[in-house]
Amino acid sequence: MKKYELPTWCKEAKKALIDRGMGIKDLAEALGYRREHMSAVINGRVRSPNTQECICDYLNIKST
């Protein structure tokens, strides 16, 4: 099985969450999304440009 490489922006989002002491559930509540959807986007399982843009704006990171 081939190892999946996590996109750079996903890594940056996870780092930003850790720096802020937040979890995916906290981020989902702050942005008004379901935790399951937020987790799927941040972990690279689902591509959602709108959600990604909201996450990047909220965490003040670049979308790549």
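See the structure above.
Procedures and definitions
- Residues numbered from 1 in each chain as written.
- Predicted model: local features only at pLDDT ≥ 70, side-chain atom pairs only at ≥ 80, totals over all residues.
- Heavy atoms only, no water.
- Axes fitted to C-alpha atoms, helices over the stretch in contact; angles between N-to-C directions.
- Helix = DSSP H or I, 4+ residues; strand = E, 2+ residues; numbered from the N terminus.
- Parallel < 35°, antiparallel > 145°, perpendicular 65-115°, else oblique.
- Left-handed = near helix turned anticlockwise from the far one by under 90°.
- Contact = heavy atoms within 4.5 Å.
- Nonpolar A, V, L, I, M, F, W, Y, C, P; charged D, E, K, R; others polar.
- Salt bridge = Lys/Arg side-chain N within 4 Å of Asp/Glu carboxyl O.
- Buried < 20%, exposed > 50% of the residue type's maximum accessible area, 1.4 Å probe, protein only.

Student: Before we move on, can you summarise the packing of helix H1 (residues 8–20) against helix H4 (residues 49–59) with the specific residues and values?
Tutor: Where H1 contacts H4, the two axes come as close as 10 Å, and the packing angle between them is 40°. It follows from the interaxial angle that H1 and H4 lie oblique. With respect to the hand of their crossing, H1 and H4 are arranged in left-handed fashion. On H4, the residues touching Trp9, Ala13, Ala16, Leu17 and Arg20 of H1 are Gln52, Ile55, Cys56 and Leu59. Among the residues making up the contact of H1 with H4, the classes are represented as 7 nonpolar, 1 polar and 1 charged.

Student: I'd love a proper account of the pattern of salt bridges, names of residues and values included.
Tutor: Tallied over the full model, the rule gives 4 salt bridges. For Glu5, the salt bridge is made with Lys11, and the minimal N-O distance between the two is 2.9 Å. Judged by relative accessible area, Lys11 falls into the partly exposed class, the value being 33%. A salt bridge links Glu36 to Arg35; the nearest nitrogen and oxygen atoms lie 3.6 Å apart. Judged by relative accessible area, Glu36 falls into the partly exposed class, the value being 41%. Taken together, the shared-partner salt bridges in this structure form one network comprising Arg34, Arg35 and Glu36.

Student: Summarise the packing of helix H2 (residues 24–31) against H4; cite the residues concerned and give the values.
Tutor: Packed helices, taken two at a time, are described by the angle their axes make and the gap between the axes. The interhelical angle for the contact between H2 and H4, taken along N-to-C directions, is 100°, at an axis separation of 11 Å. In this view, H2 runs roughly perpendicular relative to H4, as classed from their interaxial angle. Contacts from Leu27, Ala30 and Leu31 in H2 reach Cys54, Ile55, Tyr58 and Leu59 in H4. Here the residues of the contact of H2 with H4 sort into 7 nonpolar, no polar and no charged.

Student: Please give an account of unusual backbone geometry that cites residues and values.
Tutor: Here Asn60, not a glycine, exhibits a phi torsion of approximately 60°, which is positive. With respect to the helices and strands, Asn60 occurs in the segment after H4.

Student: Explain the environment of Ala30 residue by residue, including any values.
Tutor: The residue Ala30 is located in helix H2 in this model. Of the residues examined, Ala30 reaches a relative accessible area of 41% and is grouped as partly exposed. Remark: the alpha-carbon pair of Ala30 and Asn43, spanning 13 residues in sequence, is separated by 18 Å.

Any functional reading would require information beyond the geometric quantities listed.
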